[in-house]
Amino acid sequence: MKIIKNAIKCKHCGDVIESTYRHDFVTCSCGCCSVDGGLDYLRRCFMNSEAEDYIDLSETVSDE
């Protein structure tokens with residue numbers, strides 16, 4: 001899998017945040033969600049321990 005875009009949208013504040021390079025840890029304005037990894041890996045952090053805090057906007061393609 002190749003990552004084209006690593007981004008999420010916070011369902012609480014509406015911020016769209018994107019990690020553009022490795023170890024680029026970005027947090028939304030309300031502090032509820034974070035994204036990390038750039039185009040190297042997909043990492044999500046969320047305050048309420050629920051993946052329902054964000055909408056995944058990442059784009060990937062198969063390595064085939």
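Everything here concerns the structure above.
Residues numbered from 1 in each chain as written. Predicted model: local features only at pLDDT ≥ 70, side-chain atom pairs only at ≥ 80, totals over all residues. Heavy atoms only, no water.

Caption draft 1: Structural context of the pattern of salt bridges. Enumeration over the complete set of coordinates arrives at three salt bridges. In this structure, the salt-bridge partner of Asp 36 is Arg 43, at a minimum N-O distance of 3.5 Å. Arg 43 gets classed as partly exposed once you look at its relative accessible area, which sits at 39%. With its nearest N and O atoms 3.3 Å apart, the salt bridge here joins Asp 56 to Arg 44. On the criterion of sequence distance, the pair formed by Asp 56 in strand 7 (residues 54-56) and Arg 44 in strand 6 (residues 43-46) is long-range, its members being twelve residues apart. (Salt bridge = Lys/Arg side-chain N within 4 Å of Asp/Glu carboxyl O. Buried < 20%, exposed > 50% of the residue type's maximum accessible area, 1.4 Å probe, protein only. Helix = DSSP H or I, 4+ residues; strand = E, 2+ residues; numbered from the N terminus.)

Caption draft 2: Local environment of the sheet that holds strand 5 (residues 33-36). If you trace the three strands from one edge of the open sheet to the other, you get 4-5-6, paired in antiparallel fashion. The strands lining the two open edges of the sheet, one partner per strand, are strand 4 (26-27) and strand 6. As judged from the two bridges shared by strand 4 and strand 5, these two strands associate in the antiparallel manner. In the sheet register, Thr 27 faces strand 5, and the bridge partner there is Ser 34. (Pairing = 2+ DSSP bridges.)

Caption draft 3: Spatial organisation of the state of the cysteines. Summed over all chains, the structure comprises zero disulfides. With no disulfide of its own, Cys 10 lies 3.8 Å from the sulfur of Cys 13, the closest cysteine sulfur. Free of any disulfide, Cys 13 has its nearest cysteine sulfur in Cys 30, 3.8 Å distant. By relative accessible area, which is 30% here, Cys 13 ends up partly exposed. (Disulfide = S-S within 2.5 Å.)

Caption draft 4: Expanded view of the environment of Phe 46. Along the chain, Phe 46 falls in strand 6. Residue classification places Phe 46 among the partly exposed residues on the basis of a relative accessible area of 28%. Residues Phe 46 and Ser 29 lie 17 residues apart in sequence; the distance between their C-alpha atoms is 13 Å. Dropping the residues within four chain positions of it, Phe 46 is found in contact with Cys 32, Cys 33, Ala 51, Asp 53 and Tyr 54. (Contact = heavy atoms within 4.5 Å.)

Caption draft 5: Just the sheet that holds strand 3 (residues 16-18), in detail. Reading across the sheet, the three strands line up as 3-2-7 and stay open at both edges, with antiparallel pairing between neighbours. Of all strands in the sheet, those bounded by a partner on one side alone are strand 3 and strand 7. With direction set aside, neighbouring strand axes in the sheet form an average angle of 25°. The pairing of strand 2 (residues 7-10) with strand 3 spans three bridges and is antiparallel. (Axes fitted to C-alpha atoms, helices over the stretch in contact; angles between N-to-C directions.)

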